[in-house]
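Secondary and tertiary structure notes
Each chain is listed here by its residues.
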Amino acid sequence: MVDIPQTDPYANYSAHKGAIDTVITRVLDSGRYIMGEEVLSFEKEFAEYVGVNYAAAVASGTDALELALRACGVGADTIVFTVSHTAVATVAAIERTGAEAILIDIDSDTYNMDANCLEAAISKSYNGRAIAIVPVHIYGHPADMESIRTIADNNGLFVIEDCAQAHGSTKDERRVGTWGHMSAFSFYPTKNLGALGDAGAVLTNDRDLMEKVYRLREYGWTERYVSDIPGINSRMDPLQAAILRVKLPSLDAENKQRRFHAESYSKIIGKSSVSIPYVQKGVQHVFHQYVIQTEKRDELRKHLLDLGIGTGIHYPVPIHKQPAYEGRVSYYGNLINTEKVADRILSLPMYPELLSTEVDVVAEKIVNWACL
């Protein structure tokens, strides 16, 4: 039996239960169950929080990334650069546009896209097919957006940030989601800002790009029932929008609590041979995941499970080695860092409602194991 789960979305619901239950009743009583004022209000509030002009609320983070890509002209016979060390949703969204994903290795410290590898990959001839770059702010640590944006601008490429794990994260006090031409967020229940079901959003400062997303998310409509372009059905329902509006004002405080837990973990585990997360100077990490490394990862995971402590592996198999993609998806170089970390990483329990005493217990059990 797991006494300390790796993540606990119910605990976050419980923390906001009274307000969430109230707004659910409000939505049910409104008689409006698709889009409407709740969704418009959330779009405005979330855009203001991130620091951009426009947001489009959609049905999932995967849809958000696909729609952002399509708005930038990504489609059949085009190329998008991203990483292999990410949730499969990143590559699935690219392939749903008809584009080819080319996977790049990661920096061994932050686990994010290696800008040097990206530049080397782009320098190869792709016959004008390259359109966009999708950096992933993995675990809540921002990617090297200054370098990536410079490389993109020098090569005439769009940048779409995958912010699914980084709500509220900053570099030099600038939030993720503001560095690229567009950004995509997921509000899956375990995210730092989580709905009680699937939901996502596309953000940008570019009005023309956002107008394309508005059309694409509803069948390509400009006028209702008349499709000007081929689109899809991807609309956030007002129940999820209302729930996210309840949670959004608490996001910074909950991220602060995640950092507090991370500091406690690092202070204790850092005394052992187990590697703790790196945080770049000027970065405000939001610790969607607290990820350690050890060569005996599977042994440690079993040890913790036997003690009632849940863990996760984000992610156990790089995308280029997964059955659906191996031998089919393209990648640049040997992805040595990507493949190395996949065998070593372990995500410890991390959520705002986690008790400090529980953090101490987990950390101390790891230190004791490392000393065996």
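Figured I'd write up the structure that's included with this text. (Residues numbered from 1 in each chain as written. Predicted model: local features only at pLDDT ≥ 70, side-chain atom pairs only at ≥ 80, totals over all residues. Heavy atoms only, no water.)

Regarding its fold elements, the chain presents 13 helices and 15 strands. Computed over C-alpha atoms, the radius of gyration of the chain comes to 21 Å, within 12% of the 21 Å expected from 2.2 N^0.38 for 372 residues, which places it in the range of a compact globule. Along the first, second and third principal axes, the C-alpha atoms of the chain reach 65 × 55 × 40 Å. Counting over 372 residues, the chain shows a buried share of 56%. For the chain, the share of sequence-separated contacts (at least 6 apart) that also reach a separation of at least 24 residues comes to 72%. Surface exposure of the chain reaches about 15,600 Å², of which carbon and sulfur atoms provide 49%. In the chain, which carries 36 positive and 48 negative side-chain charges, the distance between the mean positions of the two groups comes to 1 Å. (Helix = DSSP H or I, 4+ residues; strand = E, 2+ residues; numbered from the N terminus. Rg over C-alpha atoms; globule rule 2.2 N^0.38 Å. Buried < 20%, exposed > 50% of the residue type's maximum accessible area, 1.4 Å probe, protein only. Contact = heavy atoms within 4.5 Å. Areas by Shrake-Rupley, 256 points an atom, 1.4 Å probe, with all protein chains shown as cover. Lys, Arg positive; Asp, Glu negative; His and termini not counted. Charge placed at Lys NZ, Arg CZ, Asp CG, Glu CD.)

This next bit is on the sheet that holds strand β2 (residues 79–83). Strand order in the open sheet formed by 8 strands is β1-β9-β8-β5-β4-β2-β3-β14, and the pairing between neighbours is mixed. In this open sheet, the two edge strands, each paired with only one partner strand, are β1 (54–58) and β14 (330–331). Of the pairings in the sheet, the one linking β2 to strand β4 (residues 130–133) comprises 3 bridges and is parallel in character. Pairing of isoleucine 79 across the sheet is with alanine 130, part of β4. Across the sheet, helix α8 (residues 207–216) is in contact with β1, β5 (158–162), β8 (182–186) and β9 (200–204); its angle to β1 comes to roughly 15°. (Pairing = 2+ DSSP bridges. Axes fitted to C-alpha atoms, helices over the stretch in contact; angles between N-to-C directions.)

Consecutive side chains along a regular strand alternate between the two faces of the sheet. The buried fraction of β5 amounts to 4 of the 5 residues, a majority that puts the element mostly inside the structure. Pairing geometry for β4 and β5, over 2 bridges, is parallel. Each bridged residue has a counterpart across the sheet, and for isoleucine 133 the counterpart in β5 is valine 159. Crossover connection from β4 via helix α7 (residues 145–155) to parallel β5: handedness right-handed. Bridge analysis of β5 against β8 gives 3 bridges, and the strand direction is parallel. Bridge pairing in β8 places aspartate 162 opposite alanine 184. (Right-handed = clockwise from strand over helix to strand, strands pointing away.)

Once that is clear, we can look at the environment of lysine 44. Structurally, the position occupied by lysine 44 is in helix α3 (residues 37–50). Relative accessible area serves as the criterion here: at 51%, lysine 44 is assigned to the exposed category. Taking the C-alpha atoms as reference points, lysine 44 and valine 27, 17 residues apart in sequence, are found 18 Å from one another.

One recurring pattern in soluble globular proteins: nonpolar side chains tend to sit buried together. Among the nonpolar cores identified, the biggest contains 54 residues, and Phe81, Tyr265 and Leu348 are the most heavily contacted of them. Residue contributions to this core peak at 6 residues, all from helix α13 (residues 356–370). Apart from the residues lying within four places of it in its own chain, the contact partners of phenylalanine 81 are Ile102, Ile104, Met113, Leu118, Ala121, Ile122, Tyr126, Ala130, Ala132, Ile133, Val134 and Leu157. Among the nonpolar cores identified, the runner-up in size contains 32 residues, and Ala56, Ala68, Ala93 and Met210 belong to it. (Core = buried A, V, L, I, M, F, W, Y, C linked by side-chain atoms within 4.5 Å.)

Moving on to the packing of aromatic side chains. Taken as a whole and judged by the stated rule, the model has 12 aromatic pairs. Centre to centre, the rings of phenylalanine 46 and phenylalanine 185 are 5.0 Å apart; their planes meet at 90°, and the pair counts as edge-to-face. Placement of phenylalanine 46 in helix α3 and of phenylalanine 185 in strand β8 is noted, with a sequence separation of 139 residues between them. Ring plane angle 80° and centroid distance 5.3 Å describe the contact between phenylalanine 46 and phenylalanine 187, whose orientation is recorded as edge-to-face. On the criterion of sequence distance, the pair formed by phenylalanine 46 in helix α3 and phenylalanine 187 in the loop between β8 and β9 is long-range, its members being 141 residues apart. Three or more aromatic residues joined by ring pairs make a cluster, and in this case those are Phe42, Phe46, Tyr49, Phe185 and Phe187. (Phe/Tyr/Trp six-rings, centres within 6.5 Å; stacked < 30°, edge-to-face > 60°.)

Further remarks concern the pattern of salt bridges. The tally for this structure, following the rule as stated, stands at 20 salt bridges. Close ionic contact of glutamate 66 with arginine 70 constitutes a salt bridge, the shortest N to O distance being 3.7 Å. Of this pair, glutamate 66 and arginine 70 are both found in helix α4 (residues 61–71), 4 residues apart, which corresponds to roughly one turn of the helix. Overall, glutamate 66 belongs to the buried group, its relative accessible area being 5%. The partly exposed category is assigned to arginine 70, whose relative accessible area is 24%. (Salt bridge = Lys/Arg side-chain N within 4 Å of Asp/Glu carboxyl O.)

Another aspect to go through is unusual backbone geometry. Going from histidine 314 to tyrosine 315, the amide bond is cis rather than trans, its omega being 20°. Despite not being glycine, tyrosine 111 has its phi angle at roughly 70°, a positive value. Relative to the helices and strands, tyrosine 111 resides in the loop between β3 (100–104) and α6 (115–122). Classification of tyrosine 111 as buried rests on a relative accessible area of 7%. At tyrosine 139, a position not held by glycine, the phi torsion is positive, near 65°.

Where nonpolar side chains cluster on the molecular surface, the patch consists of Leu28, Tyr33 and Ile34 and spans about 300 Å² of accessible area. Inspection of the secondary structure assignment puts tyrosine 33 in the loop between α2 (17–30) and α3. (Patch = residues over 30% accessible without salt bridge, like charges linked within 9 Å, V, L, I, M, F, W, Y side chains within 5 Å.)

Within β1, 4 of the 5 residues are buried, leaving the element largely enclosed by the surrounding structure. Here β1 runs beside β9; their pairing, made up of 5 bridges, is antiparallel. Bridging across to β9, alanine 55 finds its partner in leucine 203.

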